[in-house]
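# Fold and geometry: a report
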Amino acid sequence: MRKTLYLLPVLLFLVIAGYFALGLQPGRDPHELPSALIDKPLPDFDLPALAGGPNISNASLKGQVAVINFFASWCVPCKIEHPVLMRLATKEKLPLIGIAYKDAVEDSQRELAKGGDPYVRIGVDRKGAAGFDFGVYGVPETYVVDKSGHIRKRFVGPLNADTVEKELLPLLRELNRS
Amino acid sequence: MRPLLAALALAASLALPAMAVEPNERLADPVLEARARTLSKGLRCMVCQNESIDESGADLARDVRLKLRERLTAGDSDAAAMQFIVARYGKFVLLNPPVEPATYVLWFSPVVILGLAGTGIALTIRRQRRAAAAAAPLDPAEQTRLAALMQESDS
C-alpha cells in the first residue's frame, strides 16, 4: 500500500508530460475546430456567379460530391493555398466550387486573372452571409460535401500537399465510391 | 495638478474594459440592446477565441453581434437567438459550457476529486485515532519505571 502511494507522483508526472507531448505535436493547430455542420445538410445558399450565368445554390450541387472553397483576394493564406488548388484542378481534375467571401467582384476577378482560376464555378458572397451559415471563421476554408448534400469534412486554413494526400483525396475516393 | 489628472484619466481608461460594440450597431430599443449585450458577453469570438464578441474588435465578432441583434429584433427569444449562433459555429462559441453528458467530467470532476480526498483524509484520521485508543495499557514493570522517571523530573 505504502509503496504504491510513492508511485503516485510519478504517475501524475507521466499524465502531465503526456498532455504536454500532445500539445507539442508539430502538426497540431489549437485554432482548428470541428465544424458544427459535420454530417448535417448543406445550409441554404443562393449566390450570383462571378462569371455571370445561373446562380450557384445548394440545390445546384445536389447528387455530386462537391468541394467548396471559401477564398478572398484580401486573404494572405489563400495565396499560399492557391498552387495546391491549381494542382487539384489540373492534375486531379477536381471540380472545385469557389465562394468569394466578403470580396469585391473586381478584386476576385483581378486576383484570379493574375494567378489562374482553379474553380469550375464561383459564387459571390459579398456580405459573408453564406459564410456565416457555413460557420466560416477564417478563410480559406474548404468543405467536402457528399452526394446526399451532407457536409463530411471541413478544413480550416490553407490546404497543403500533406492534407490533400492524406485526408482530402482519400475521403473523395471513398465518397465517390459510395 | 494637470499631469496628475492626466495620469488618473489614463489609469481610468486603462481599467475600463475595451468596448467593441460600435454606436451604429446598437439597437434603438434599449431593452433589446440590453439583451443583446448580455448574450454577446457569453459568446466567444471564433477568431480571437478567448474574448467574447462583446469585447472583440474582429470582423467576425461584429458579424455575429449584428446577426444576434437581427434575430432579437425578429422576435427570437434569448435561447432561440443563441441556438441560431450555436447551430452554425458549434458549442465552442458558448463561453460558459452547458451541463450535458459530454461536459460532465468538466463540471463534476472537481466535486468527485474533493470527495475522494475528503474520504481519504477522514479514513486516515479515524485509523490513527483507533490505533491510539487501542494501545495496550502499561504492565507493572513499565508502571514502576514511569513512576521513577516522574519522580526524577520532580526533584
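Residues numbered from 1 in each chain as written. Chains lettered and ligands numbered in written order. Predicted model: local features only at pLDDT ≥ 70, side-chain atom pairs only at ≥ 80, totals over all residues.

## Overview of the domain arrangement of chain B
- Parsing chain B into structural domains produces domain 1 (17-96) and domain 2 (102-154).
- Its C-alpha centre places domain 1 of chain B at a distance of 56 Å from the equivalent point of domain 2 of chain B. (Domains from an automatic or database assignment.)

## Overview of the interface of chain B and chain A
- Across the contact, 11 residues belong to chain B and nine residues belong to chain A.
- Contributions of two or more residues to the side of chain B that touches chain A are made by helix 3 (59-73) and helix 4 (78-89) of chain B.
- For the side of chain B that touches chain A, the per-class residue count stands at six nonpolar, two polar and three charged. (Contact = placed C-beta atoms within 7 Å. Helix = DSSP H or I, 4+ residues; strand = E, 2+ residues; numbered from the N terminus. Nonpolar A, V, L, I, M, F, W, Y, C, P; charged D, E, K, R; others polar.)

## So, the sheet that holds strand 5 (residues 119-125) of chain A
Residue and element names in this part refer to chain A.
- Taking strand neighbours across the sheet as the criterion, the five strands line up as 5-4-3-6-7 in an open arrangement whose pairing is mixed. With partners counted over all chains shown, the strands left at the sheet margins are strand 5 and strand 7 (151-156), one partner each. Here the average twist between neighbouring strands, direction ignored, is 20°.
- In this sheet, strand 5 lies alongside strand 4 (residues 96-101) in parallel orientation, the contact comprising six bridges. Paired with Tyr101 across the strands is Asp125, a residue of strand 5. (Pairing = 2+ DSSP bridges. Axes fitted to C-alpha atoms, helices over the stretch in contact; angles between N-to-C directions.)

## A closer look at the packing of helix 3 of chain B against helix 4 of chain B
Residue and element names in this part refer to chain B.
- Where helix 3 contacts helix 4, the axes come no closer than 9 Å and their chain directions differ by 140°. When the axis of helix 3 is compared with that of helix 4, the two are oblique. In the packing of helix 3 onto helix 4, the handedness of the crossing is right-handed. Taken together, the residues of helix 4 that come into contact with helix 3 (itself represented by Val64, Leu68, Arg71 and Leu72) are Ala81, Phe84 and Ile85.
- Here the residues of the contact of helix 3 with helix 4 are counted per class, giving six nonpolar, no polar and one charged. (Parallel < 35°, antiparallel > 145°, perpendicular 65-115°, else oblique. Left-handed = near helix turned anticlockwise from the far one by under 90°.)

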